[in-house]
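Residues per chain, in single letters:
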Amino acid sequence: MRLLLVEDDKEISAMLEGYLTAENFVITPAYDGLEALQKFQEESFDLVLLDLMIPKLSGMEVMGKIREKSTVPILIVSAKDSDSDKSLGLGLGADDYITKPFSVTELSARIKANIRRSTLYAAREEDKGKGTVTIGELTLNLDDYSVCRDGINLELTAKEFEILKLLAQNPKKVYTKEQIYANVWQDAYCGDENAVNVHISRLRNKIEDNPRSPRYVVTVWGIGYKLGEII
């Protein structure tokens, strides 16, 4: 598995490269934002490990450029540990966020989990014959993972689509955040609500007439979320 490691501290970069190489990853290091984008264009990667505080282009800018062209998993590695920083990173397209200092064992486990989820999603995209699901004005195409509203295609990310599909295929069920995380991320819930909250918010902004008064993804206070009773 090939990883792009974007870290301007060369000692940290060398330490991570040594550990992850021993874990059978192939590491390509980059020490600033411009070098990261150049190497991303030149090579193919299974995951990007991205520090936020890097020179020339910030980590957020690098992530934005990557997301214009690719859905490769991005794992932010940063000393910024506030909820707002995590929410911003996840909201702009990161798949995961780990704060410094961290355990290299946990980092390796998170890398493998994100690559595994990405691989499973790619395999699902190749499966055909699943048909469509219609809820209100929305049509979910389970063959190509697209969503249309009144014939207009909506640009949903993989996880946004999975959340909507989960609720649409189980219209009477209320899902807790833990259950949504387990079903969509295919991983154990660690108590961090940011990932689910951010993706629900972004999904609502894309599919609802009024995200503050949603019809499709409805909050069941004290429990979680369910599909609204669409008329």
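Heads up: the structure comes first, above all this text.
This section reports on the structure supplied with the text.

**Topic: the packing of aromatic side chains**
Here comes step 1: All chains considered together, the criterion is met by three aromatic pairs.
Here comes step 2: Relative to Phe45, the ring of Phe40 lies with its centre 6.3 Å away and its plane at 15°, an arrangement referred to as stacked. You'll find Phe40 and Phe45 in the same group, each marked buried.
Here comes step 3: Its guanidinium or amino end placed over the ring of Tyr31, Lys10 lies 5.0 Å from that ring's centre, counting from NZ or CZ.

**Quick look at the pairing of strand E10 (residues 217–220)**
Here comes step 1: Examined bridge by bridge, E10 and strand E11 (residues 224–227) share four bridges and lie antiparallel to one another. Across the sheet, the residue bridging to Val217 is Leu227, located in E11.
Here comes step 2: In this antiparallel pair of consecutive strands, E10 and E11, the connection spans three residues, and Gly222 shows a positive phi of 85°.

**Side note on the pattern of salt bridges**
Here comes step 1: Under the definition given, this model contains 16 salt bridges.
Here comes step 2: A salt bridge links Asp96 to Arg110, with the shortest nitrogen-to-oxygen separation between them at 3.0 Å. A residue pair is termed long-range when its members are at least 10 positions apart, and Asp96 in strand E5 (residues 96–99) and Arg110 in helix H5 (residues 104–126) qualify at 14 residues.
Here comes step 3: As a salt-bridge pair, Arg215 and Glu137 come within 3.4 Å of each other at their nearest N and O atoms. Of the two residues, Arg215 is situated in the loop between helix H8 (194–207) and E10 and Glu137 in the loop between strand E6 (132–135) and strand E7 (138–141); the sequence distance between them amounts to 78 residues.
Here comes step 4: On the basis of relative accessibility, which here comes to 30%, the residue Arg215 falls in the partly exposed class.
Here comes step 5: Look at the salt bridges and you will find they share partners, linking Glu137, Arg149, Asp209 and Arg215 into a network.

Conventions and cut-offs
Residues numbered from 1 in each chain as written. Predicted model: local features only at pLDDT ≥ 70, side-chain atom pairs only at ≥ 80, totals over all residues. Heavy atoms only, no water. Phe/Tyr/Trp six-rings, centres within 6.5 Å; stacked < 30°, edge-to-face > 60°. Buried < 20%, exposed > 50% of the residue type's maximum accessible area, 1.4 Å probe, protein only. Lys NZ or Arg CZ within 6 Å of the ring centre and 35° of its normal. Pairing = 2+ DSSP bridges. Helix = DSSP H or I, 4+ residues; strand = E, 2+ residues; numbered from the N terminus. Salt bridge = Lys/Arg side-chain N within 4 Å of Asp/Glu carboxyl O.

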